[in-house]
Amino acid sequence: MRALILAGGRGRRLEPYTAVLPKPLAPVGDLPIIEIVLRQLHRDGIDEVVISLGHLGELILAYFNAKPPPRSMHLEFVREQEQLGTAGPLSLAAADGETMLVINGDVLTDLRFDAVVDQHTSSGAAMTITTNRRSHPIEFGVVDTTGRRVTQIVEKPIVVHDCAMGVNVYGPQAIAVARRGGPVDFPEVVDALLRDGHPVEAFHFDGYWCDIGRRDDLLRANDEFEQRRDALLPSTEDPR
């Protein structure tokens, strides 16, 4: 299976860093995050990788010209002439009938990508979404009502959600939606599949996940990287 890394976004929440550097080149430890993702893909036996470029994409090209990936890994680059969203780049990278692993270029995780692919392949789903459970405390008493009548009050509840991690497997039906042309976002693909009755599965993951979308997230990822280095950064040796 081929993989697509989404590396074309502007990363506005990470400004001012992304005014001069594309978000996938943001450093975590001593490496840009996109190289960490590539090493993990290589470890998991996925060596055919497409990278979609947009904002400051020439810097990503320059990085990999100076520091090529492992010998067995083949990189292909496609360029978004307009912002295509979180699914639209599949129109540049995927073929009809193909199944493809799609990864946001700012995801730091110790997830095994091959485990996600294995579940998707065996499930027969049109799409598989990786999720990570997050809890959010509410610092107030929450009042439930029907009209003006109070039905219950819960003091400082904790709200729990399964959050999309930015690692998904698109089957042929999902890719067909993403390839319709123009900007397409990931939730639009999911909505279309569910509306048409195609099965969408979740891969529940309870390991480490950091979405490097904001300055605080990048700082936290760097603080945590060294203690998790062995799990997050495989060697570049051929895994097979």
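The coordinates are above.
Residues numbered from 1 in each chain as written. Predicted model: local features only at pLDDT ≥ 70, side-chain atom pairs only at ≥ 80, totals over all residues. Heavy atoms only, no water.

Visitor: For the packing of aromatic side chains, give the residues involved together with the corresponding values.
Guide: A full pass over the atoms with the stated rule returns two aromatic pairs. Centroid distance F64 to F77: 6.3 Å. Interplanar angle 40 degrees. Geometry classified as tilted. On the criterion of sequence distance, the pair formed by F64 in helix 2 (residues 57-66) and F77 in strand 5 (residues 74-79) is long-range, its members being 13 residues apart. Classification of F64 as buried rests on a relative accessible area of 7%. We classify F77 as partly exposed; its relative accessible area is 29%. Through successive ring pairs, a cluster of aromatic residues spans Y63, F64 and F77. (Phe/Tyr/Trp six-rings, centres within 6.5 Å; stacked < 30°, edge-to-face > 60°. Helix = DSSP H or I, 4+ residues; strand = E, 2+ residues; numbered from the N terminus. Buried < 20%, exposed > 50% of the residue type's maximum accessible area, 1.4 Å probe, protein only.)

Visitor: Any details on the pairing of strand 1 (residues 2-7)? Residues and values, ideally.
Guide: Taken across its six residues, strand 1 has five buried, putting it largely inside the fold. As defined by bridge partners, strand 1 adjoins strand 6 (residues 100-104) across five bridges and the pair is classed as parallel. Paired with A3 across the bridge in strand 6 is L101. As paired elements, strand 1 and strand 4 (residues 48-53) share five bridges and run parallel to each other. Directly across from I5, in strand 4, lies its bridge partner I51. (Pairing = 2+ DSSP bridges.)

Visitor: Help me get a handle on the sheet that holds strand 8 (residues 127-137), residues and values and all.
Guide: Reading across from one edge, 5-4-1-6-11-8-12 is the order of the seven strands in this open sheet, with mixed pairing throughout. A strand with exactly one partner marks an edge of an open sheet, and here the two such strands are strand 5 and strand 12 (200-204). Pairwise comparison of adjacent strand axes, ignoring direction, gives a mean angle of 35 degrees for this sheet. As judged from the five bridges shared by strand 8 and strand 12, these two strands associate in the parallel manner. (Axes fitted to C-alpha atoms, helices over the stretch in contact; angles between N-to-C directions.)

Visitor: Before we move on, could you go through the environment of H74 and cite the residues and values that matter?
Guide: Relative to the helices and strands, H74 is located in strand 5. With 138 residues separating them along the chain, H74 and I212 place their C-alpha atoms 26 Å apart.

Visitor: Can you lay out the pattern of salt bridges for me, pointing to particular residues and giving the numbers?
Guide: Scanning the model with the defined rule gives 15 salt bridges in all. Between R43 and D44 there is a salt bridge, with its nearest N and O atoms 2.7 Å apart. Residues R43 and D44 agree in their burial class; the two are buried. Its salt-bridge partner being R214, residue D217 comes within 3.1 Å of it at the nearest N-O pair. For R214, a relative accessible area of 44% gives the class partly exposed. (Salt bridge = Lys/Arg side-chain N within 4 Å of Asp/Glu carboxyl O.)

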